[in-house]
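# Inside the fold
Now for the letters of each chain:
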Amino acid sequence: MIRKLLVLTGDHGAPDPTKRGGAYHEEDLATHAAMAEAMTAMSGFEVEVVSRHEGLLDRLRADPPDLVVNFCDTGFFNVPTQELHVAAYLELFGIPYTGAPPAAMVLCYDKQAVRVIAEAMGVPVPWERMVPGDGPAEPPEDLAYPALIKPNRADGSVGITKDAVVHSAGEARDYLAFLRDLLPGADALIQEYLPGPEYGLGVIGNPEPGLTVLPPLEVDFSRLPAGLAPILSFESKAMPDSPYWTDIAFKRADLPAAEVETMAGAVRRLFRRFGLRDYARFDFRRGADGRVKLMEVNPNPAWANDGKLAFMAGFAGIAYPAMLRMIVDAAIERLGRPAA
Ligand SMILES: Nc1ncnc2c1ncn2[C@@H]1O[C@H](COP(=O)(O)OP(=O)(O)O)[C@@H](O)[C@H]1O
Ligand SMILES: [Mg+2]
C-alpha cells in the first residue's frame, strides 16, 4: 500500500546553473509553494515535501517513504549531470519513485544520441554536425546557414543565447568560441535552424495500460521584438529583464488532427524506446521544408504550474492538482500496487 509520499525537488539553498543569477529566487519558490500545496492536499496520502539535499541520502535509507515523487529535475545539489544519480540511488535501495529511470536520463541527456535514435526510428529530425570539444572550435565546411549551435549535453537552455542562431561562418566561429569558454571541453552541435513554430507534446501514463497524450502546445513568439531570433534561449529562462523572459507566451497549438496524430505516434514510440516512465515532454519545431522535426526528449520535464506540461494539461481541462495526481497514479499503477 502506498501511503507515504516524499516529494523531492531541487535544493533551494544550493547554486543552480539553470536559474537566474545561478540561484533559486522568489519565482521558483512561488511555483514550489503552489506544487507543495497541491501535493499536500492530495487525498489518501501523507505527503512530505523535501527541498534540502543535505542529509537526504541518509534520511531516505533510514526512513524510506512508500513513493518518492521525483521532481528533482535539477540534479543532486542542483548539479545537472547528477540528475540521474537521484533516481539511481532510489533504485539501489528499492525505493519506488515517479518518473524516468537513470538509463532514460542518460540517453536523453545526449542530444546527438536522441537524434540518431529518433532518425533510425523514422522520426524527422534536423540536419546536424557535432563539433567535438577536444578539437578546433571551427564550423564544418558543409554547413548551410542559418544554423543553431547548442551544447550536446545540457538542459534549461544553458549555452543557447540569442546569438545561438548564426548566419555565417564568422558568427558560427564566434558562438563556438563563446561556448568553449562557457563549457570548456564540451561537445557542441550545429543544427539546421528550424524557423517555423515550436511545439511541445506532453504525455502522462505508461505504454501499459496506456499513455495520455495532452493537446499540443505552441510557443508564441509573436510579441518578441523584431531582430530577436524566436527561440527559447537562456534569456527566456533566466533573465527577467530580457524580452525573451517577458514577451514569450504558451498557447494551444492549432494543428490539423492528422499532424497531431503523427506526432503522437512518434511520441508513443519514442517514450517506449527511451524507457521513459509516468510523464515526459517532447519538443518539436517546423523546418523550412514544412516538416515538424524532433528537437528534444525531456524525461524529467518541468512540473511547475507555469510550465509547459501544466499548460498542456490545462488545454485538456485538467487542473494543476489533477495533473500531479495523474503522475502519482501513473507511477502507482505501474508499480502494481493499489493506492492507499
Ligand atoms: N535546431 C533548432 N532550430 C531552431 N531552434 C532550436 C533548435 N534547437 C534548439 N532550438 C531552440 O532552443 C531551445 C532549447 O533547445 P533544446 O534543445 O530544447 O535545449 P534544452 O535542453 O536546453 O531545453 C528550443 O526550445 C528552441 O527554441
Ligand atoms: Mg528544451
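Residues numbered from 1 in each chain as written. Chains lettered and ligands numbered in written order. Predicted model: local features only at pLDDT ≥ 70, side-chain atom pairs only at ≥ 80, totals over all residues.

Along helix 4 (residues 102-109), the residues classified as buried are A104, M105, C108 and Y109. Buried residues of helix 4, viewed axially, fall in a sector of 125 degrees; they line one side. (Buried ≥ 20, exposed ≤ 12 C-beta atoms within 10 Å, placed from the backbone. Helix = DSSP H or I, 4+ residues; strand = E, 2+ residues; numbered from the N terminus. Arc of directions from axis to C-beta.)

Within the secondary structure, A313 is located in helix 10 (residues 308-315). Placed 111 residues apart in sequence, A313 and G202 show a C-alpha to C-alpha distance of 8.3 Å. Leaving out residues up to four positions away in the same chain, A313 has contacts with L214, I318 and M323. (Contact = placed C-beta atoms within 7 Å.)

Further remarks concern the sheet that holds strand 3 (residues 67-71). Reading across the sheet, the 3 strands line up as 2-1-3 and stay open at both edges, with parallel pairing between neighbours. With one partner strand each, in any of the chains shown, strand 2 (46-50) and strand 3 form the two edges of the open sheet. Direction aside, neighbouring strands of the sheet carry axes that sit 20 degrees apart on average. Bridge count for strand 1 (residues 4-9) against strand 2 is 5 bridges, and the pairing is parallel. Counterpart to L8 in the pairing with strand 2 is V50. (Pairing = 2+ DSSP bridges. Axes fitted to C-alpha atoms, helices over the stretch in contact; angles between N-to-C directions.)

Across its 16 residues, helix 11 (residues 320-335) extends 23 Å between first and last C-alpha, which sits within 8% of the 22 Å expected from 1.5 Å per residue. Of all the residues in helix 11, the buried ones are Y320, M323, L324, R325, I327, V328, A330, A331 and I332. On the buried face of helix 11, the contacting elements are helix 1 (26-40), strand 3, strand 8 (198-206), strand 12 (279-286) and helix 10. At the exit of helix 11 stands G336, carrying a positive phi of roughly 70 degrees. (Expected span 1.5 Å × (residues − 1).)

On to the domain arrangement of the protein, then. Often, the extent of an interface is quoted as the loss of accessible area upon association of its parts. Domains assigned within the protein are domain 1 (4-99), domain 2 (106-123 + 195-329) and domain 3 (128-192). For domain 2 versus domain 3, the distance between C-alpha centres works out to 23 Å. Listed per partner, the contact involves 16 residues of domain 2 and 14 residues of domain 3. Taken together, the elements giving at least two residues each to the side of domain 2 that touches domain 3 come down to helix 5 (111-120) and helix 7 (234-238). In terms of residue count, the dominant contributor to the side of domain 2 that touches domain 3 is helix 7 (4 residues). Class assignment for the residues of the side of domain 2 that touches domain 3 results in 7 nonpolar, 4 polar and 5 charged. (Domains from an automatic or database assignment. Nonpolar A, V, L, I, M, F, W, Y, C, P; charged D, E, K, R; others polar.)

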